[in-house]
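Architecture and fold: a report
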Amino acid sequence: MTTVDDIKCECGHTNPVGTLLCEACGNPLQKEDGEEFPDMRYDGVSRRSQTFSRTIVDKIWNFFSSVRVAIILIIIVLLASIIGTIFPQEMYISGPAEQVYPEKYGIAGEIYYKLGFHNLYTSWWYITLLLMIGTSLVICSLDRVVPLYRALKKLPVKRHLSFMKGQKVYTSVSLSQDKEPVLDQLQRSLSKKGFRVVREGYSLVGEKGRFSRWGPYINHIGLILVIVAVLMRLIPGFYLDEFVWVKEGETRKVTGTEYYVKNVEFKEEYYDPEDVPEGVDVEGRVVKNYQTDAILYENRAADTPGAPPDLVEVHRDQIRVNHPLKYKDLLLYQSGRRLNEVTALNIDLIHLEREEVIGPFTLDLYHPESEIKVSEDTTVRVLEYFTDFEWTEDNEPRSKSPDPNNPAFVVSVISPETPAGERSWIFLGSTLSSPDGEPVYGFAFTKPEIADVTGLMVRKEKSLPFIYFGSGVVMLGLVMGFYWQHRRIWINFEGEEIQIAAHTNKNWYGLRREVQQILQSIDVERSIEQLSKGGK
Amino acid sequence: MIAISSNLLMLAFVLYLVSFIAFVMAVTGKKWSNRDPKEHSERWGRIGFYLTAAGFLSQLGFLVLRWIAGGHSPTSNMFEFMAFLSFAIILAFIILFLIYRLPALGMFSLPVGIIMIAYASVFPKDVQPLIPALQSYWLYIHVTTAALGEGVFAVGFAAGLMYLIRVTDQSQKQRKPWWKRGTTWLEFSISVVLMLVGFILMVTIFSAIGYEVVYEVTNETGMTSEVTYTLPSIAAPYNGERITDEGFGPFITTPGWMKGVDPGRKFNTMLWSVISGVILYWLLRLVVRKRLAAVAQPWLRDIDPAVIDEISYRSIAIGFPIFTLGALIFAMIWAAEAWGRFWGWDPKEVWALITWLFYSAYLHFRLSRGWHGSKSAWMAVIGFVVVVFTLVFVNLVIAGLHSYAGV
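Our subject in this report is the structure included herewith.

Procedures and definitions
Residues numbered from 1 in each chain as written. Chains lettered and ligands numbered in written order. Predicted model: local features only at pLDDT ≥ 70, side-chain atom pairs only at ≥ 80, totals over all residues. Heavy atoms only, no water. Helix = DSSP H or I, 4+ residues; strand = E, 2+ residues; numbered from the N terminus. Rg over C-alpha atoms; globule rule 2.2 N^0.38 Å. Buried < 20%, exposed > 50% of the residue type's maximum accessible area, 1.4 Å probe, protein only. Contact = heavy atoms within 4.5 Å. Areas by Shrake-Rupley, 256 points an atom, 1.4 Å probe, with all protein chains shown as cover. Lys, Arg positive; Asp, Glu negative; His and termini not counted. Charge placed at Lys NZ, Arg CZ, Asp CG, Glu CD. Axes fitted to C-alpha atoms, helices over the stretch in contact; angles between N-to-C directions. Parallel < 35°, antiparallel > 145°, perpendicular 65-115°, else oblique. Left-handed = near helix turned anticlockwise from the far one by under 90°. Nonpolar A, V, L, I, M, F, W, Y, C, P; charged D, E, K, R; others polar. Phe/Tyr/Trp six-rings, centres within 6.5 Å; stacked < 30°, edge-to-face > 60°.

**Regarding the overall build of chain B**
- Counting secondary structure elements, chain B contains 11 helices and five strands.
- A compact globule built from 407 residues should have a C-alpha radius of gyration of about 22 Å, and chain B, at 22 Å, falls within 12% of that.
- A principal-axis box enclosing the C-alpha atoms of chain B has dimensions of 70 × 45 × 45 Å.
- By the burial criterion, 58% of the 407 residues in chain B qualify as buried.
- If you take every contact in chain B between residues at least 6 apart in sequence, the share linking residues at least 24 apart comes to 74%.
- About 16,900 Å² of surface is accessible on chain B, with carbon and sulfur atoms providing 67% of the total.
- Of the side-chain charges in chain B, 30 are positive and 23 negative, and the distance between the mean point of each set is 15 Å.

Okay, here's the thing in C-alpha cells:
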C-alpha cells in the first residue's frame with residue numbers, strides 16, 4: 001500500500017513516510033547538504049512515534065515510545081525505592097505505625113509516616129509508576145521492533161556510497177588486481193568468521209548475529225510477563241498469606257483454607273561439637289534444624305455449613321526451614337517457634353462469698369474460645385484478648401504484637417447472680433476486678449498448660465510459575481542481546497576502488513578487529529585507529 | 001585443611017600484589033631508556049597476567065579446600081563472601097584481559113580485587129556451621145552468581161575510572177565552579193578508594209598491636225552486652241559506656257537509628273576509614289604536588305580512549321545478565337523457597353533492584369541515547385559504588401533479613 005506521503009528514493013524504491021535511510025540502497029532520504037548522516041540505531045526505519053503526532057492517541061504513543069521517558073521513569077522508581085529503605089517499612093515493624101515512627105525516628109519518622117512512605121511499595125503512586133514503566137516497555141518495543149524487523153529482513157547487497165561513507169567503520173582501498181579473485185578471497189574470509197555472505201555483481205554483504213537484535217525485545221516481553229504475573233496475585237484465590245500457631249499434638253484449621261494441620265512433633269536441634277568437621281566453630285549453641293512433623297488433613301465436610309469437620313489425612317511431611325510442605329497449591333513454611341510456652345491458663349472460678357469453686361475453665365492463649373461454660377448456669381465470656389499487652393501513653397490498652405508474650409483477657413462472668421455479667425481482667429498470674437462494687441467472683445490459677453508451639457506460615461502463590469517463566473524469557477533476551485552482536489560488513493567495487501563499510505549494534509572494537517583481519521586476507525593493512533575514523 | 005586454605009588465600013593476595021606491580025611496570029616503564037615501548041609493555045603485561053593467573057589458581061585452591069573442610073560452599077558469611085567477590089573480580093579481569101590485552105586494565109582492576117581480600121580479612125574468619133536459614137543449595141547458586149555479576153561490574157568500574165583519568169582535562173585554567181569540574185569528582189572518587197585502603201591499614205596496624213576498647217551497651221529491652229572495638233573509639237555505641245580505662249575517646253555517640261550487629265563499632269570504623277583516607281590522599285598529594293589523576297594521566301596517554309570506553313561498557317554488558325540472574329531471579333526463587341514469598345521489599349532486595357535499575361538506566365542511556373565517553377564512565381563508576389553500598393552499608397545502616405550474613 002502506498003500513500004502520497006511515501007518517499008521515493010533516487011534508486012527507484014518507494015519508502016514509507018518517516019524513513020530516514022532508503023530501505024533498498026541506504027541513501028539518506030531527508031538529508032540536507034552538510035547535515036550529519038542519520039543515526040544508524042534502528043537502520044533509519046520509519047517509526048510511528050517519529051511520524052505522527054496529531055491525535056491524542058499519537059501523543060500518548062509518542063510519550064511512552066520515548067526511551068528518554070523510559071529512563072526518567074526508571075530513575076524516578078529508583079529514587080523512590082531508595083526512600084523506602086530509609087526507615088523500615090510498616091510490615092517490618094511491630095506495633096501501630098502512627099506511634100512507632102515518631103517514637104523511634106523522631107520528627108523525620110513522623111514526616112515519613114505522614115507522607116505514607118511507611119507503605120511506599122504498595123502505595124498507589126509507586127504502583128502507578130511501575131505500570132507506567134510496563135506501558136513504556138510495550139510501546140517502546142512495538143514502536144521499534146516492527147519496522148526494524150521489516151528493515152533487517154531485507155538485506156540489500158549494494159548500498160549507496162553515502163550510506164557506506166556514513167558508517168562509523170569505513171575505508172577504501174585502491175586495487176589494480178583482478179576483481180573476481182579478490183572478491184572470492186573476501187567472501188571466504190567472511191564465511192570463515194561466521195558471516196552469512198550474499199554476493200551480487202561486484203558487491204558483497206556479510207551478516208551475522210541478527211537474532212541478537214531481538215534480544216532487547218524478548219527481554220522486554222519477559223518483563224511484561226513478570227509484571228502481568230505479579231498483577232495476577234490480585235485475582236481472588238491466587239495469593240494467600242496467613243499464619244498459624246500449632247501446639248504439639250494439636251490439630252488446627254489452616255487459616256484461609258479448608259485444610260487442617262496437626263503438629264505431631266516440633267524439634268529444635270543443635271550442632272553437636274563432636275559431629276562437625278575439625279576447625280568449624282560451634283561455640284555457643286548453633287541451631288542445626290527447626291522442624292515440624294506435620295500431618296495435613298482435608299475437611300470433607302467443608303461444603304456443609306455448620307457440620308463438624310470430617311478430617312481425612314492427605315499428606316505428611318517434615319516442615320523445615322527452606323523445605324516447606326507442599327500440597328497442591330498450599331505451602332506451609334517453618335517460620336516460628338516457642339519452646340516450653342504457657343499455651344493456656346487453667347483457672348478455677350470461685351464464688352468469693354461462699355468460698356466455693358464453681359468449676360475450672362481454660363483460657364487458650366493462641367485460640368481462645370469466646371464463650372466457656374463453667375457450670376450449668378455459669379459461663380465465662382471473653383470480651384477482649386490482648387496477646388502482648390501494654391498501656392499506651394493515653395492509657396488505652398493495646399497489643400504490642402500478635403505473639404502471646406504478655407497475655408491479658410477481659411472476661412465477663414454471667415450467672416443468675418450476675419445476669420449482666422461481671423467484668424474482670426485476667427493477666428498471666430494475676431487478676432483485677434472491676435472497681436465498681438464488691439466482686440462476686442474470683443479466680444484461682446492452677447497449673448498452666450505448657451507445650452512447644454510451632455509457627456507455620458500459610459501461603460498460596462499461583463502466579464509463581466508465570467513469574468519464573470517471565471524471568472526465563474527475560475534471561476533469554478538478555479543473553480541474546482548482550483552475548484551476541486549483530487554485525488554487517490558491506491564491500492563494493494567501484495572502478496579500481498574497493499569500499500568497505502561495517503556496522504554493529506555494539507562492541508565496535510571487536511568489529512574493527514574483524515574488518516582488520518578480513519582486509520589482511522587480501523594483504524591490506526589498516527590499523528584500528530584508521531578504521532575508527534569512519535567515512536567522514 | 002582450613003589452615004592450608006587460609007595460607008592459599010594469603011598467597012593469592014601476595015601474588016595479586018606482585019602482579020599489580022608488574023602491570024604498573026608495564027604501563028609506566030614504557031619510556032625508560034634502552035627499550036622498545038611496545039615490547040616492554042607486552043612483556044611485563046604477560047608477566048603480570050601469569051602472576052594473576054597463579055594467584056587466581058591459589059585462590060581457587062582456597063575456595064575448594066574451605067568448601068571441603070567446612071562442608072558447605074564458602075559464601076555463608078561476610079569474610080567468605082568478600083573473598084569470593086574478589087575471586088569474581090579477578091576472574092572477570094582475566095576474561096576481559098584475554099579479549100582486550102590491555103596491561104593498564106590490570107593496573108586498575110587488580111587493586112579492586114586486592115582491596116576486597118583485605119576487606120574480607122577484617123571480618124571473623126571462622127568456618128561456621130550453617131544455620132537453618134542458609135541450609136539450601138540456593139545459597140551456593142544465588143550468592144555465587146550475584147557475586148560473579150558484581151565482579152564483572154567491578155572491572156567496569158575500574159575501566160570507567162581509567163577512562164576518566166585518561167580524558168579529564170587536567171589543565172589549571174578552568175573557569176567552571178569547583179563542583180562542576182570533572183577533576184574535583186575524579187579526585188573525590190580516588191579518595192574514596194583510598195578510604196578503603198586507609199581502613200584496611202588502620203585495622204591491620206591496630207590489630208597487630210592488639211589494641212582493644214570495650215564498651216558495655218544497653219539495648220532497647222534493657223539487656224546489656226559487651227562490644228569490643230579494635231580501633232580507638234571516636235564514636236561510642238548508642239547507650240554505651242566504656243569499661244576499659246585506657247585509650248581515648250569517645251568524642252561522639254553513634255546515632256540510635258543505625259541498625260545491625262554492633263552498629264557503634266561499624267560507625268566508628270567508618271569514621272576511621274574516612275579520616276585515614278583523607279589523610280592518605282593529602283599525604284600523597286603533598287608528595288606529588290599535583291592532582292593524583294594528573295599523575296596517572298600521562299601513563300595512559302597512548303591508549304585509545306574508545307577502547308577503554310568499550311571495555312567498561314563491555315564489562316557491564318557481560319555482568320548485567322549474570323547479575324539479573326543471580327541477584328534478582330535466583331534470589332526470588334530462594335526467597336520463595338525459604339520465606340514463602342518471592343519478593344518482600346526487604347532492604348537488601350530493594351537495593352538489588354536499585355542496582356539493577358541503575359545499570360538498566362546506564363544501558364538505555366548508552367544504547368538508545370548515545371551516552372558514550374565520560375558520562376557513561378561516570379555511570380560505570382557510580383554503579384559499582386551502588387553495588388558496594390548494597391553489599392556493605394545496607395547491612396550496616398538498615399536492619400533486614402540478610403543481617404545474618406555476618407554484618
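Having seen it, we continue.
**Points about the packing of helix α4 (residues 103-120) of chain B against helix α5 (residues 138-167) of chain B**
Residues and elements named next belong to chain B.
- It is at 9 Å that the axes of α4 and α5 come closest, and there the two elements cross at 125°. Classified by the angle between their axes, α4 and α5 sit oblique to one another. Helix-helix and strand crossings are classified by hand; for α4 and α5 the assignment is right-handed. Residue-level contacts link Ala104, Leu105, Phe108, Ser109 and Val112 of α4 to Ala154, Val155, Phe157, Ala158, Ala159, Met162 and Ile165 of α5.
- The residue makeup of the contact of α4 with α5, split by class, is 11 nonpolar, one polar and no charged.

**A word on the packing of aromatic side chains**
- Tallied over the entire structure, the rule returns 51 aromatic pairs over all chains.
- Relative to Phe427(A), the ring of Phe389(A) has its centre 5.6 Å away and its plane inclined at 55°; by these criteria the two rings are tilted. One end of the pair, Phe389(A), is in strand β16 (residues 389-391); the other, Phe427(A), is in strand β19 (residues 422-427), with 38 residues separating them in the sequence. Across the pair, exposure class does not vary: Phe389(A) and Phe427(A) are buried alike.
- Here the aromatic rings of Phe93(B) and Phe97(B) are separated by 5.6 Å at their centres, their planes lie at 50°, and the arrangement is tilted. Residue Phe93(B) and its partner Phe97(B) are located together in helix α3 (residues 78-100), separated by four residues, close to a single helical turn.
- On the basis of relative accessible area, Phe93(B) is assigned to the buried category, the value being 0%.
- Classification of Phe97(B) as buried rests on a relative accessible area of 6%.

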